[in-house]
Amino acid sequence: MSHETPADAWVERLVRPALAADLLAVVGYVAVAVVALSQSGVYGTPLAAALGLPLLFFAPGYALVSALFPGATPDDARSDATPDDAGQHGLSGTERAALGFGVSLALLPLVGVAVSLSPWQLAPATVLLAVALVTVAFAVVAAGRRVRRPADRRFSLPLGVWLDDARRAFSTGPLSERALNVGLVVGVALAVSAMGYAIAAPGPGQSYTEVALLSQNETGELVAEDYPETIEQGQSRPLVVELTNREGERTDYSVVVELQRVRKGDGGRAKVVEQRQLTTFSPTVAAGETWRTTHEVAPTMTGEDLRLIYLVYEGDPPRDPTAENAYRRAHIWTNVTE
């Protein structure tokens, strides 16, 4: 007489075909990843990479494959099945996992194009949300298609078989073989962890800050073009300054804005012959976050081909800010008339 333990009862519930445990796991992972990545300070960190990579490169493809192939694995096919039924029996778990990566790579460009054609801005957060919605939609369709099939013809994860094999590997046989199995599991876990850390953790030189100058086009969208070619002295023109923190930690910045008259010096290098400091910004930006501000450019000197330059520093700026000692910089050329 056998007695069922609480753990066995839970496993039996999980492997029931009607439950679709794999699809529930995918949807649950997507929800956790979206919530975590939306938190301030997470984006741009190793944790974000560890959560975002499977969300982008596995989850949507696996959900779509599950929607296309709701049937059980070939080993679960009925003995009286005909060759015409082979396509309905579906794929094995290994095949589904492998196809999940390949199909995800094919889906990402399509999602990116769809987002770019939508009213929303093409940004990492928008793409992640779009991928999450697509994944959940495919998973719902996959669950619906599975429910409409007979219970013995639906795909389900063989959790019971996996657990039985694991129990036998660690509880039966010679002590040396069991120790070897434990060592293999620990070795694989360490290898996967090391590879994941190598992918997710930023290496030397991978920490940086992005700076961009943007203007508004006729539709009100921010673009890196259509800069003011001519500004009248005494008037102002708006220009949007954008900083994105990829340093992996909260960072204090200084942005020094100068209007410079530049001439060619020795060797053809630019030489500043006159400069006027217009303003300074001192934003603090969390890791992975983007800071924007609108700068009303009001020139204080006139001339042609003046350089409007934004010098970015970590912390306080030096006494003599220049393009050479700036951490990051961005500039445009403009004419200032009287």
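Predicted, not measured: the structure shown is a model, and the values here were computed from it. (Residues numbered from 1 in each chain as written. Predicted model: local features only at pLDDT ≥ 70, side-chain atom pairs only at ≥ 80, totals over all residues. Heavy atoms only, no water.)

Q: Please clarify how the overall build of the chain should be interpreted in this entry.
A: Summing up its helical and strand segments, the chain has nine helices and ten strands in all. Relative to its full complement of 338 residues, the chain shows a buried share of 33%. A separation of at least 24 residues holds for 69% of the contacts in the chain among residues at least 6 apart in sequence. For the chain, the exposed area adds up to about 19800 Å²; of that, 59% sits on carbon and sulfur atoms. (Helix = DSSP H or I, 4+ residues; strand = E, 2+ residues; numbered from the N terminus. Buried < 20%, exposed > 50% of the residue type's maximum accessible area, 1.4 Å probe, protein only. Contact = heavy atoms within 4.5 Å. Areas by Shrake-Rupley, 256 points an atom, 1.4 Å probe, with all protein chains shown as cover.)

Q: It is not clear to me how the packing of helix H6 (residues 93-117) against helix H7 (residues 124-147) should be interpreted in this structure. Could you clarify?
A: Geometry of a packed helix pair, given as the angle between the helix axes and the separation of the axes. The contact between H6 and H7 brings their axes to 10 Å, and the two run at 130°. For the element pair H6 / H7, the angle class is oblique. The way H6 lies across H7 gives a crossing that is right-handed. Contacts between H6 and H7 involve Arg-96, Leu-107, Leu-108, Val-111 and Val-115 from the former and Thr-126, Ala-130, Val-131, Val-134, Phe-138 and Arg-146 from the latter. Residue composition of the contact of H6 with H7, by class: eight nonpolar, one polar and two charged. (Axes fitted to C-alpha atoms, helices over the stretch in contact; angles between N-to-C directions. Parallel < 35°, antiparallel > 145°, perpendicular 65-115°, else oblique. Left-handed = near helix turned anticlockwise from the far one by under 90°. Nonpolar A, V, L, I, M, F, W, Y, C, P; charged D, E, K, R; others polar.)

Q: Even after reading the chapter, I still don't get the pattern of salt bridges, so can you show me in this structure?
A: Note that side chains of opposite charge can pair when their charged atoms are close. Per the stated rule, a full pass over the model turns up five salt bridges. Among the salt bridges present, the one from Glu-274 reaches Arg-261, with a minimum N-O distance of 3.0 Å. With Glu-274 in strand E6 (residues 270-281) and Arg-261 in strand E5 (residues 251-264), the pair connects residues that are 13 residues apart, well separated along the chain. For Arg-276, the salt bridge is made with Glu-274, and the minimal N-O distance between the two is 3.1 Å. Overall, Glu-274 belongs to the partly exposed group, its relative accessible area being 26%. One connected set of salt bridges, linked through shared partners, spans Arg-261, Glu-274 and Arg-276. (Salt bridge = Lys/Arg side-chain N within 4 Å of Asp/Glu carboxyl O.)

Q: Hey, could you run me through a negative patch on the surface in this one?
A: Among the surface-exposed residues, Glu-218, Glu-225, Asp-226 and Glu-229 lie close enough to one another that they form a single negatively charged patch. By secondary structure assignment, the location of Glu-229 is in the loop between strand E2 (222-223) and strand E3 (230-232). Judged by its relative accessible area of 63%, Glu-229 is exposed. (Patch = residues over 30% accessible without salt bridge, like charges linked within 9 Å, V, L, I, M, F, W, Y side chains within 5 Å. Lys, Arg positive; Asp, Glu negative; His and termini not counted. Charge placed at Lys NZ, Arg CZ, Asp CG, Glu CD.)

Q: Help me understand helix H4 (residues 59-68) in this model?
A: One turn of an α-helix holds 3.6 residues; hence residues three or four places apart share an orientation. Judged by how many residues are buried, H4 sits mostly within the fold: nine of ten residues are covered. Turning to H4, its buried residues are Ala-59, Pro-60, Gly-61, Tyr-62, Ala-63, Leu-64, Val-65, Ser-66 and Ala-67. On its buried face, H4 is in contact with helix H2 (21-37), helix H3 (46-57), H6 and H7.

Q: Would you mind showing me how to read the confidence of the model for the chain here?
A: Interpretation of this model should avoid reading the predicted coordinates in detail wherever pLDDT is low. Residues of the chain with pLDDT of at least 70 account for 75%, and the chain-wide mean is 79. The low-confidence segment residues 74-89 (pLDDT under 50) makes 19 contacts with residues lying over four places distant or belonging to another chain. (pLDDT = per-residue confidence, 0-100.)

Q: So what exactly am I meant to see when it comes to the nonpolar core here?
A: A general trend in soluble globular proteins is that nonpolar side chains are found buried together. Among the nonpolar cores identified, the biggest contains 23 residues, and Val-30, Leu-37 and Leu-55 are the most heavily contacted of them. Contributions of two or more residues to this core are made by H2, H3, H4, H6 and H7. Leave out the neighbours within four places in its chain, and Val-30 touches Leu-55, Ala-59, Ala-132, Thr-135 and Val-136. In this structure, Leu-239, Val-285, Trp-291 and Met-301 belong to the second largest nonpolar core, which totals 22 residues. (Core = buried A, V, L, I, M, F, W, Y, C linked by side-chain atoms within 4.5 Å.)

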